[in-house]
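Here's the letter readout for the chains.
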Amino acid sequence: MTFEEYNKSVQEKHNKQAVSDGRFTGSFERRSALQRHKMAQRKQRVRLLLKDGITSIDVLAQHFMISVSTMRGVIYQMGLRIENSQVIV
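Residues numbered from 1 in each chain as written. Predicted model: local features only at pLDDT ≥ 70, side-chain atom pairs only at ≥ 80, totals over all residues. Heavy atoms only, no water.

**Some points on helix α4 (residues 68-77)**
Think of an α-helix as 3.6 residues a turn; residues three or four steps apart then line up on the same face. Quick reminder of the rule: Summary of the burial criterion: residues with accessible area below 20% of their type's maximum are buried, those above 50% are exposed, and those between are partly exposed, where the area comes from a 1.4 Å probe applied to protein chains only. Put simply, DSSP H or I for four residues or longer makes a helix, DSSP E for two residues or longer makes a strand, and each gets a number counted from the N terminus. It is the directions from the helix axis to the C-beta atoms that the arc portrays.
Those residues of α4 that fall on the buried side of the exposure criterion are Met-71, Val-74 and Ile-75. Relative to the axis of α4, the buried residues are bounded by an arc of 95 degrees and lie together on one face. Structural note: α4 exposes Ser-69 and Gln-77 on the side pointing more than 90 degrees away from its buried face. In the segment just after α4, Gly-79 is the residue with positive phi, at about 85 degrees.

**A look at the pattern of salt bridges**
Our working definition: What makes a salt bridge here is a side-chain nitrogen of Lys or Arg within 4 Å of a carboxyl oxygen of Asp or Glu, nothing more.
In this structure the tally under the stated criterion is one salt bridge. With a shortest N-O distance of 3.2 Å, Arg-81 and Glu-83 are connected by a salt bridge. Classification of Glu-83 as partly exposed rests on a relative accessible area of 40%.

**What about unusual backbone geometry?**
The phi dihedral of Met-65 falls on the positive side, at around 55 degrees, and the residue is not glycine. In this fold, Met-65 is placed in the loop between α3 (57-64) and α4. Positioned with a positive phi, Ser-85 is a non-glycine residue whose angle comes to about 60 degrees. Looking at the secondary structure, you find Ser-85 in the loop between β1 (81-83) and β2 (86-88).

**Thoughts on the nonpolar core**
The line we're drawing: Put simply, a nonpolar core is a bunch of buried Ala, Val, Leu, Ile, Met, Phe, Trp, Tyr and Cys residues held in one set by side-chain atoms that sit within 4.5 Å of each other. Residues count as neighbours in contact if any of their non-hydrogen atoms are within 4.5 Å of one another.
Judged by nonpolar contacts, the single largest core of 15 residues is most densely connected at Val-46, Leu-60, Met-71, Ile-75 and Val-87. For this core, the secondary structure elements donating two or more residues are α2 (27-51), α3 and α4. At four residues, α3 tops the list of elements feeding residues into this core. Excluding residues that lie within four positions of it along the chain, Val-46 makes contacts with Phe-64, Met-71, Val-74 and Met-78.

**A word on the side chain of Arg-42**
Keep this limit in mind: All tallies of charge rest on Lys and Arg as positive and Asp and Glu as negative; His and the ends of each chain are not included.
Relative to the helices and strands, Arg-42 resides in helix α2. The buried charged residue Arg-42 lacks any salt bridge partner; its closest oppositely charged side chain belongs to Asp-58, at an N-O distance of 15 Å. Every residue in contact with Arg-42, bar those within four places of it in the chain, is listed here: Phe-64, Ile-66, Thr-70 and Val-74.

**Observations regarding the confidence of the model for the chain**
Close reading of the predicted structure is inappropriate where its pLDDT is low. Rule in force here: As a per-residue quantity, pLDDT reports the predictor's confidence and falls between 0 and 100.
With 88% of its residues at a pLDDT of at least 70, the chain reaches an overall mean of 86. Within the chain, β1 carries the highest mean pLDDT (95), whereas helix α1 (residues 3-21) carries the lowest (75).

**A short note on α3**
For α3, the set of buried residues is Ile-57, Leu-60, Ala-61 and Phe-64. Projected down its long axis, α3 carries its buried residues within an arc of 100 degrees, all on one side. Just downstream of α3 lies Met-65, where phi reads positive at about 55 degrees.

Rendered as C-alpha cells:
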C-alpha cells in the first residue's frame, strides 16, 4: 500500500464516521437552533417569574431544574444584575 492509498483509505474512513455522526447533514444547525429556541423560552419565562416577584436565583434554578450557575448565565445574558443571590430588576 502506497502512502497515497493509505491517506485515501483513512480519509474514506473519516468520511464514513462523519456521515454516521451527522456531520454532513443539517443536524448541527438544527441542534443549535433548538438550543437558541430553548434559551429564548427560558428568558421569557424568567421575565414572567420576575414580574411575579420571584427573584431568588435558587428558586428560579429549581423551577427550571437547572444548576444555579446555569441560571446565573441566563440572567446575565438577559442583562440583569445579581446581588446576594437575588436578581436586581
